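Residue-level structure breakdown
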Amino acid sequence: MAPMIEVTGANKHFGDAHVLRDIDLEVAAGEVVVVVGPSGSGKSTLCRCLNRLETLTSGEIRIDGRPLPAEGRALAQLRAQVGMVFQSFNLFGHRTILDNVALSPIHVAKRDRATARAEGLELLDRVGIADQAGKYPAQLSGGQQQRAAIARALAMRPKVMLFDEPTSALDPEMVSEVLDVMVGLAAEGMTMVVVTHEMGFARRAADRVVFMDAGQIVESDTPDAFFTGARSERARSFLSKVLSH
């Protein structure tokens, strides 16, 4: 079977800054890949390139065997298949939580309104906030808003979920409620690429940990192998800092 995500020879420049350097990465269907590394290592840029929020300077990305479309309807269709959750929740403040979740299924996927709202309620229940469906984002905690953002991404029935630092804007006590939802998704077999500083999540939910530094993939291994026997000096130095707190 072809990989669900296939990145080949990916390079990305922002002016003179070479932020992705010859990245090759494959993610199998149902695999959970957690991308870790120091700030500025290219993790978030790679994540954003996977659904073409950023455009590669060179190289290719394929999702489910198909190259990323450049623009237009084909790109919109691809983005419907690749859900993304950001560190900022990006919910529409003037719409209820249920409306936020049902909006894209109704207007993009052209689903029946009643069906989209019923499925939206099921998803809100799945992430543990069905009782908040009629509230507005400002009435929810950060953790609840991020769970709503996950439900919104799932409402499009994506093949892949991308998470770009989904807990970094949250107060510490809210982090676990979001990570628990993500662990549940992983257990259900969702293909996931997760950029995070949460090493506990990487140990608990990842099939593979990818360590990036200076725009390159330095190591890629199982969580056990990476956390107990990182091969590169750069990865060992990183782990000594992040695991000592």
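Below is a summary of the structure that appears in this document.

Parameters and conventions
Residues numbered from 1 in each chain as written. Predicted model: local features only at pLDDT ≥ 70, side-chain atom pairs only at ≥ 80, totals over all residues. Heavy atoms only, no water. Buried < 20%, exposed > 50% of the residue type's maximum accessible area, 1.4 Å probe, protein only. Helix = DSSP H or I, 4+ residues; strand = E, 2+ residues; numbered from the N terminus. Pairing = 2+ DSSP bridges. Core = buried A, V, L, I, M, F, W, Y, C linked by side-chain atoms within 4.5 Å. Axes fitted to C-alpha atoms, helices over the stretch in contact; angles between N-to-C directions.

A word on the pairing of strand 6 (residues 82-85). Burial of the side chains of strand 6 extends over both faces: Val82 and Met84 are buried on one face and Gly83 and Val85 on the other. Bridge analysis of strand 6 against strand 7 (residues 160-164) gives four bridges, and the strand direction is parallel. Each residue of the ladder has a partner; that of Gly83, found in strand 7, is Met161.

Counting residues in each nonpolar core, the largest one holds 50 residues, and the members touching the most others are Ile150, Met161, Phe163, Met182, Met192, Phe201 and Phe226. When residues of this core are assigned to their parent elements, the largest contribution, nine residues, is made by helix 6 (residues 172-187).

Attention now goes to the sheet that holds strand 7. Overall, mixed pairing links the six strands, which are arranged 6-7-8-3-9-10 in an open sheet. The open sheet has two edge strands with one neighbour each: strand 6 and strand 10 (216-221). Each strand axis lies, on average, 20° off the axis of its neighbour in the sheet, ignoring direction. Sheet topology places strand 7 next to strand 8 (residues 191-195); five bridges connect them, and they run parallel. Opposite Val160, over in strand 8, you have Thr191 as the bridge partner.

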